[in-house]
Amino acid sequence: MRFTAEAVLTGIQSSKGEYEGRTFDSTTFHLAVDLGEKSTGETIGTVTRPFKLGTSTEFAKWKNMKGKWPAGGIAVDAVFDVAAGADNSSKLTLVDIRPKAAA
């Protein structure tokens, strides 16, 4: 199942290199998540959850934001795929992310 959700993007991280003979290349988007009733224990506010999407070329699409990033992050439309696991769990995968259009 695929769905789009509004979210707050708090940061973007590009990782590219080699470690112990293995290469890696990815971009991680940190989205604010309201813990609400789904959390265990007590919580206040929001936390960020990392979602990998694409390679470092994905980071390049956002590079123009460097030096202009607002302290609270930016509003985005995030597209996710949800896949059911064998143990009744579900896996949430980020498949697209775009800044919300200015009003």
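Everything below is about the structure shown above.
Residue indices begin from 1 for each chain and proceed along its sequence in written order. pLDDT decides what is reported in this predicted model: residues at 70 or higher carry local features, side-chain atom pairs at 80 or more are listed and counted, and totals for whole chains, interfaces and linings draw on all residues regardless. Each side-chain value is worked out from all heavy atoms of the structure, with water and hydrogens disregarded.

**Student:** Go over the environment of L9 with me, naming the residues and quoting the values.
**Tutor:** Positionally, L9 belongs in strand β1 (residues 2–19). Only protein chains enter the accessibility calculation, which uses a 1.4 Å probe; a residue is then buried when its area is under 20% of its type maximum, exposed when over 50%, and partly exposed in between. In this structure L9 comes out as buried when scored by relative accessible area, which is 0%. Taking the C-alpha atoms as reference points, L9 and P50, 41 residues apart in sequence, are found 10.0 Å from one another. Strands are runs of DSSP state E lasting at least two residues, helices are runs of H or I lasting at least four, and both sets are numbered from the N terminus onward.

**Student:** Help me get a handle on unusual backbone geometry, residues and values and all.
**Tutor:** At E20, a residue that is not glycine, the phi angle is positive and equals roughly 50°. Tracing the backbone shows E20 in the loop between β1 and β2 (22–34).

**Student:** Residue-level account of the nonpolar core, with values.
**Tutor:** The criterion is simple. A nonpolar core is a set of buried Ala, Val, Leu, Ile, Met, Phe, Trp, Tyr and Cys residues joined through side-chain atoms within 4.5 Å. In this structure, L9, F29, L31, W62, V76, L94 and I97 are the most contacted members of the largest nonpolar core, which totals 13 residues. Breaking this core down by element, the ones donating at least two residues are β1, β2, β4 (74–84) and β5 (90–99). For this core, the element with the highest residue contribution is β4, accounting for four residues. Residues are treated as being in contact if the distance between any of their heavy atoms lies within 4.5 Å. Other than its neighbours up to four places away in sequence, L94 contacts F29, F51, K52, L53, A78, V79 and F80.

**Student:** Break down the environment of R49 for me, with residues and values.
**Tutor:** Tracing the backbone through its elements, the reader meets R49 in strand β3 (residues 46–52). Aside from chain neighbours lying at most four places away, what touches R49 is F29, H30, L31, V33 and L92.

**Student:** Give a description of the packing of aromatic side chains that names residues and reports values.
**Tutor:** Ring geometry is summarised as follows: Phe, Tyr and Trp rings, the Trp one being its six-membered ring, pair when their centres sit within 6.5 Å, and such pairs are stacked at plane angles under 30 degrees, edge-to-face over 60 and tilted between the two. Inspection of the entire model under this criterion finds three aromatic pairs. Within the aromatic cluster, the residues linked to one another by ring pairs are F3, F51 and F80.

**Student:** Give a detailed account of the pattern of salt bridges, specifying residues and quantitative values.
**Tutor:** We define a salt bridge as a contact between a side-chain nitrogen of Lys or Arg and a carboxyl oxygen of Asp or Glu at a distance within 4 Å. Tallying each qualifying case throughout the model produces five salt bridges. Of the charged contacts, one joins D81 and R2 as a salt bridge, the two residues approaching to 3.0 Å between their closest N and O atoms. With D81 in strand β4 and R2 in strand β1, this pair connects stretches of sequence that are 79 residues apart. Assessed through its relative accessible area of 25%, D81 is described here as partly exposed. Salt-bridge contacts for D96 lead to R98; the nearest nitrogen and oxygen are separated by 2.9 Å. For D96, a relative accessible area of 24% corresponds to the partly exposed category. Through salt bridges with shared partners, a single network forms among E6, D77 and K100.

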